[in-house]
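If you want the building blocks of each chain, they are given just below.
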Amino acid sequence: MAGEIVDSVEMLRRLVAFDTTSRNSNMELIEYVRKYLKDHGVDSKLVPSEDGKKANLFATVGPMAPDGVVLSGHTDVVPVDGQPWDTDPWTLTLKDGKYYGRGTCDMKAFYAVGLAMLPEFRKAKLRKPIHFALSYDEEVGCIGAHSLAARMAGEVPKPRAIIIGEPTMMTVVHAHKGAQIYITKFTGFEAHSSMTHLGVSAVHFAGEFIHYLNTVQDELDAAAPRDSEFMPAAATFNVGTIVGGTAGNILARECEVLWGYRELPTEPIDRLGKRAIEWLEKELLPKMKAKHPAADITTQLRSSTPAFSAEGNEEAKALAASWSGSNTVSSVVYATEAGIFRKTLDVPTVVCGPGDIAQAHQPNEFVLASQIEACEGFMRRMMEWCCRD
Ligand SMILES: [Zn+2]
């Protein structure tokens, strides 16, 4: 069966229409892409999540040969809840040269362009393959990429370069910080708020922990190199949410702190986490227990996204620069799946995709029409490279 021909914008319109907020299943989008590929004669493989509600997809266009290029993207998007959108986030809307919609920039445009060019890829005499790699749950800690990269490492002949199409305005990014997220649960002992000697407030001790993180932050900032490629130069902590307590006149029994940090590629990803957990156990917990023996603190690792180091990515950098026409090579502080793919497949990797990270996760997220065109140029030059020996 001959596959349908759609242009990049129409493909993006279709992909944006799937509400793939990370809490939802991404299967409708995955099934759509799988059928589209199939209609064009390309088989794909799914790597399902543990509960089977989501899946990664990978597919190879061209010969099952080494030295190909991986086009990697994530299918999920961040929530629109509570954001003041001027247009329907799930309906691609063109205004003043900008395409609005959730996921336009982060990051459906990159693989929308790649998928729209599939008929051209199929017609071209590819000597080196083009691999699509679509993951689930990137936005909640790069969950899917681990199993996707592992499967590809076993089943795909070793590629020459991996392109992670996160928004970089089509410039080349060769390094980024890693991200580690933990949840720490403080358990206190309830008492009337007038009887502070009878209980222990989980909220008050959670506050001490946050203060501790601030003091470590000050220390890191003071020690940060002046000439860093990263902005901010040091590792950075963030406390994302705090949930705790029940009433104004009760010492809180429970408090949960969701916290984490962005670590430099030169440091072990768990360095600051280990240090904080040690402080909780050795410094804070004894103080809580002294007030009431029922007190407790537990910490769980929520997600770990390795940093992406510039080392060893020279060939991917050179290729992506020639395909994008951009000479700008930089480091960024947001995490992507690059570190996971780089490590698991042991293949030079860069981040390069349409759109500006400043629009990611925002209300009225958009991608410039000119960025879609730039990405088309990138894909075309990449395809021509894949046709050569
Ligand atoms: Zn993204």
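Residues numbered from 1 in each chain as written. Predicted model: local features only at pLDDT ≥ 70, side-chain atom pairs only at ≥ 80, totals over all residues. Heavy atoms only, no water.

1. Topic: the coordination of the zinc ion
Bound to the zinc ion on the protein side are H74 (NE2), D106 (OD), E166 (OE) and E166 (OE), at distances that span 1.8 to 2.5 Å. All donors of the zinc ion belong to a single chain; written as a sequence motif, their spacing is H-x31-D-x59-E. Taken together, the residues span a long stretch of sequence, with H74 in strand 3 (residues 69–74) and D106 in helix 3 (residues 104–116) at a distance of 32 residues. Accessibility classification places H74 together with D106 in one group, the buried group. (Donors = N, O, S within 2.8 Å, 3.2 Å for Na, K, Ca; no water. Helix = DSSP H or I, 4+ residues; strand = E, 2+ residues; numbered from the N terminus. Buried < 20%, exposed > 50% of the residue type's maximum accessible area, 1.4 Å probe, protein only.)

2. Observations concerning the packing of helix 3 against helix 10 (residues 369–387)
Closest axis-to-axis distance for the helix 3/helix 10 pair is 10 Å, and the angle between their directions is 50°. For the element pair helix 3 / helix 10, the angle class is oblique. Here helix 3 and helix 10 pass one another in a crossing that is right-handed. Between helix 3, through F110, V113 and G114, and helix 10, the contact on the second element is made entirely by I372, C375, E376 and M379. Looking at the contact of helix 3 with helix 10 residue by residue, the class counts come to five nonpolar, one polar and one charged. (Axes fitted to C-alpha atoms, helices over the stretch in contact; angles between N-to-C directions. Parallel < 35°, antiparallel > 145°, perpendicular 65-115°, else oblique. Left-handed = near helix turned anticlockwise from the far one by under 90°. Contact = heavy atoms within 4.5 Å. Nonpolar A, V, L, I, M, F, W, Y, C, P; charged D, E, K, R; others polar.)

3. Some thoughts on the packing of helix 1 (residues 8–17) against helix 3
Where helix 1 meets helix 3, the closest approach of the two axes is 8 Å, and the angle between their N-to-C directions is 130°. If you check the angle between helix 1 and helix 3, you find them oblique. The two elements helix 1 and helix 3 cross, and the hand of that crossing is right-handed. Along its contact with helix 1, which presents S8, M11, L12, L15 and V16, the element helix 3 presents T104, K108, A109, Y111, A112, V113, L115 and A116.

4. Considering unusual backbone geometry
In this structure, the amide linkage connecting D106 to the following residue, M107, adopts the cis form with an omega of -10°. Cis geometry is found at the peptide bond from M231 to P232, where omega equals 0°. Turning to its location among the elements, P232 is positioned in the loop between helix 6 (202–223) and strand 10 (236–244). Even without a glycine there, the phi angle at M170 is positive, about 60°. By the element assignment, M170 lies in the loop between strand 7 (161–164) and strand 8 (172–176). Non-glycine residue N364 carries a positive phi angle of around 55°.

5. Here we look at the environment of V78
Relative to the helices and strands, V78 is located in the loop between strand 3 and strand 4 (93–95). Under the relative-accessibility criterion, V78 is labelled buried at 12%. In the structure, V78 is positioned 58 residues away from T20 in sequence and 8.3 Å away in space, judged by C-alpha atoms.

6. Digging into helix 8 (residues 314–324)
Since one α-helical turn is 3.6 residues long, residues separated by three or four positions face the same way. The set of residues buried in helix 8 consists of A316, K317, L319, A320, A321, W323 and S324. Contact partners of the buried residues in helix 8: strand 3, strand 7, strand 8, strand 13 (329–332), strand 14 (349–351) and helix 10. Remark: G325 follows helix 8 within two positions and exhibits a positive phi of approximately 75°.

7. Topic: the sheet that holds strand 5 (residues 98–100)
Taken in spatial order, the three strands of this open sheet run 4-5-15, and their pairing is antiparallel. Where the open sheet ends on each side, the last strands, each with one partner, are strand 4 and strand 15 (366–368). Within the sheet, the average angular offset between the axes of one strand and its neighbour, ignoring direction, is 30°. Its contacts with the sheet place helix 3 against strand 5 and strand 15, and it is angled at close to 50° to strand 15. (Pairing = 2+ DSSP bridges.)

8. Description of the side chain of S201
Tracing the sequence through the fold places S201 in the loop between strand 9 (178–187) and helix 6. The buried category is assigned to S201, whose relative accessible area is 9%. Among the polar contacts listed, one links the side chain of S201 to the backbone nitrogen of V203, at a separation of 3.2 Å. A distance of 3.1 Å separates the side chain of S201 from the backbone nitrogen of H204, its partner in a polar contact. Residues contacting S201, with those up to four places away along its chain left out, are L251 and A252. (Polar contact = N/O pair within 3.5 Å; in protein donor to acceptor, adjacent residues only side chain to side chain.)

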